Amino acid sequence: MALSAAFNGFTPVRKRGQSYNTMGTSKYQVANTYGDNIYRGDLVKVSAGYIQPVSVTADRPIGVFQGCEYVDPVSKQPKWSNYWPSGTSSADSTVVAHIMDDPAAIYQIQCNATVSIADVESANYFVDISAGSTYTGQSAWSVQVTSRTSLSNPIRIVGLYEVPSNAWGDANPRVLARISNHLDLAVSITN
């Protein structure tokens with residue numbers, strides 16, 4: 001029985017190669033009052049020094065959003081959130097985003113259509129951008145299979161996520177993927 005479509009963005013699972021996998025994050029900033037939600041598991045870029053979700057295939061991702069912290073504008077208390085709520089104003093004007101930014105990170109993500117073993121390390125993909133859950137803070141992004149190309153789309157499938165009822169050729173398989181055009185691996189910071 002194939003997996004049902006339950007898209008939840010990028011979940012870090014391991015590191016490429018033989019190095020230690022700490023699943024650590026780095027701190028970046030979200031612009032105070034930034035006007036879009038950013039969910040745990042969304043692929044993000046740096047724009048004018050601030051974190052934003054990728055929006056076009058030419059964007060160079062820095063990593064995957066894992067949550068943020070800010071000062072609640074009403075209670076004036078520090079707050080941790082799995083997602084950045086659109087338009088929020090941190091009481092101290094500082095929003096810290098935690099980003100899984102290791103270019104060697106491997107993520108589990110679900111595809112929005114069928115892929116096969118022939119797709120392993122042979123094409124790049126973009127993401128299907130969908131609104132996440134403001135209740136759980138979890139992303140609803142998936143691999144956009146129709147975006148398969150040899151060009152510089154940000155995602156490359158590296159294997160099948162090994163869980164029961166998940167197989168190549170299924171309608172919505174979960175795969176292992178990496179960021180193929182990670183900003184840290186680019187020769188130039190421009191696209």
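For the structure itself, look to the data block above.
Rules and cut-offs
- Every chain is numbered on its own, with residues counted from 1 as its sequence reads.
- For a predicted model such as this one, the threshold for reporting local features is a pLDDT of at least 70, and the threshold for listing and counting side-chain atom pairs is 80 or more; totals across whole chains, interfaces and linings nevertheless cover every residue.
- Side-chain measures here rest on the full set of heavy atoms in the structure, leaving out hydrogens and waters.
- Runs of H or I in DSSP of at least four residues are treated as helices and runs of E of at least two as strands, each being numbered from the N terminus.
- A radius of gyration in this sense is built from C-alpha atoms; the matching globule rule multiplies 2.2 Å by the number of residues raised to 0.38.
- The buried label applies to any residue whose accessible area, calculated with a 1.4 Å probe on protein chains only, is under 20% of its type's maximum; exposed applies above 50%, and partly exposed to all values in between.
- Whether two residues touch is decided by their heavy atoms; if any such pair falls within 4.5 Å, the residues are in contact.
- Computed with a 1.4 Å probe, the accessible areas rest on the Shrake-Rupley method; for each residue, only the protein chains presented here act as cover.
- A pair of strands is labelled paired if DSSP reports no fewer than 2 bridges between them.
- Note on definitions: angles span 0 to 180 degrees between N-to-C directions of axes, and those axes are lines fitted to C-alpha atoms, for helices only across the stretch in contact.
- A pair of Phe, Tyr and Trp rings is counted when the ring centres sit within 6.5 Å of each other, with Trp represented by its six-membered ring. The angle between the planes then sorts it: under 30 degrees is stacked, over 60 is edge-to-face, the rest tilted.
- In the sections that follow, a salt bridge refers to a side-chain nitrogen of Lys or Arg positioned within 4 Å of a carboxyl oxygen of Asp or Glu.
- In protein, a polar contact means a hydrogen-donor-capable atom and an acceptor-capable atom, both N or O and within 3.5 Å, with residues adjacent in sequence counting only if both atoms are side-chain atoms; elsewhere, any N or O pair within 3.5 Å suffices.

### Notes on the overall build of the protein chain
- Of regular secondary structure, the protein chain possesses 0 helices and 14 strands.
- The order of α-helices and β-strands along the protein chain, N terminus first, is β-β-β-β-β-β-β-β-β-β-β-β-β-β.
- Taken over C-alpha atoms, the radius of gyration comes to 17 Å for the protein chain, in line with the 16 Å a tight globule of 191 residues would show.
- Taking the principal axes of its C-alpha atoms as reference, the protein chain extends roughly 50 × 40 × 30 Å.
- Across the 191 residues of the protein chain, 45% fall into the buried class.
- Looking at the protein chain alone, contacts between residues at least 24 apart form 68% of all its contacts between residues at least 6 apart.
- Summing over all exposed atoms, the protein chain offers an accessible surface of approximately 9,100 Å²; the carbon and sulfur share of this is 51%.

### Points about the sheet that holds strand β14 (residues 174–179)
- On the basis of which strands lie adjacent, the open sheet formed by 6 strands has the order β1-β10-β14-β13-β11-β12 and antiparallel pairing. Edge strands, defined here as strands with exactly one partner in the open sheet, are β1 (11–15) and β12 (142–149). Strand-to-strand twist in this sheet, taken as the mean axis angle between neighbours without regard to direction, amounts to 50 degrees.
- Direction of pairing for strand β10 (residues 105–110) relative to β14: antiparallel, over a ladder of 4 bridges. When the sheet's bridge partners are listed, Q108 is paired in β14 with L176.

### Focus on the packing of aromatic side chains
- Scanning the model with the defined rule gives 3 aromatic pairs in all.
- With a centroid separation of 5.4 Å and an interplanar angle of 15 degrees, the aromatic rings of Y39 and Y83 are classed as stacked. Placement of the pair is Y39 in strand β3 (residues 38–39) and Y83 in strand β8 (residues 83–84), with a sequence separation of 44 residues.
- Residue Y83 is classed as buried on the basis of its relative accessible area of 16%.
- For the pair Y70 and W84, a centre-to-centre distance of 5.4 Å together with 85 degrees between the ring planes defines the contact as edge-to-face.

### Points about the pairing of strand β4 (residues 43–47)
- Inspection of the sheet shows β4 paired to strand β6 (residues 63–71) by 2 bridges, in the antiparallel sense. Paired with L43 across the bridge in β6 is V64.
- When β4 meets strand β5 (residues 50–53), the two strands line up antiparallel, connected through 4 bridges. Looking across to β5, one finds that V44 is bridged to P53.

### Considerations on the pattern of salt bridges
- Following the criterion strictly, the structure yields 6 salt bridges and no others.
- A salt bridge links K15 to D102; the nearest nitrogen and oxygen atoms lie 3.0 Å apart. Of this pair, K15 sits in strand β1 while D102 sits in the loop between β9 (95–100) and β10, and the two are 87 residues apart along the sequence.
- Under the relative-accessibility criterion, D102 is labelled partly exposed at 24%.
- Linked through salt bridges whose partners overlap, the residues forming this network are R16, E121, R156 and R178.

### Quick notes on the environment of N172
- Residue placement: N172 occurs in the loop between β13 (155–160) and β14.
- Of the residues examined, N172 reaches a relative accessible area of 13% and is grouped as buried.
- When the C-alpha atoms of N172 and A131 are compared, they prove to be 18 Å apart, with 41 residues separating the residues in sequence.
- A distance of 3.1 Å separates the side chain of N172 from the backbone oxygen of C111, its partner in a polar contact.

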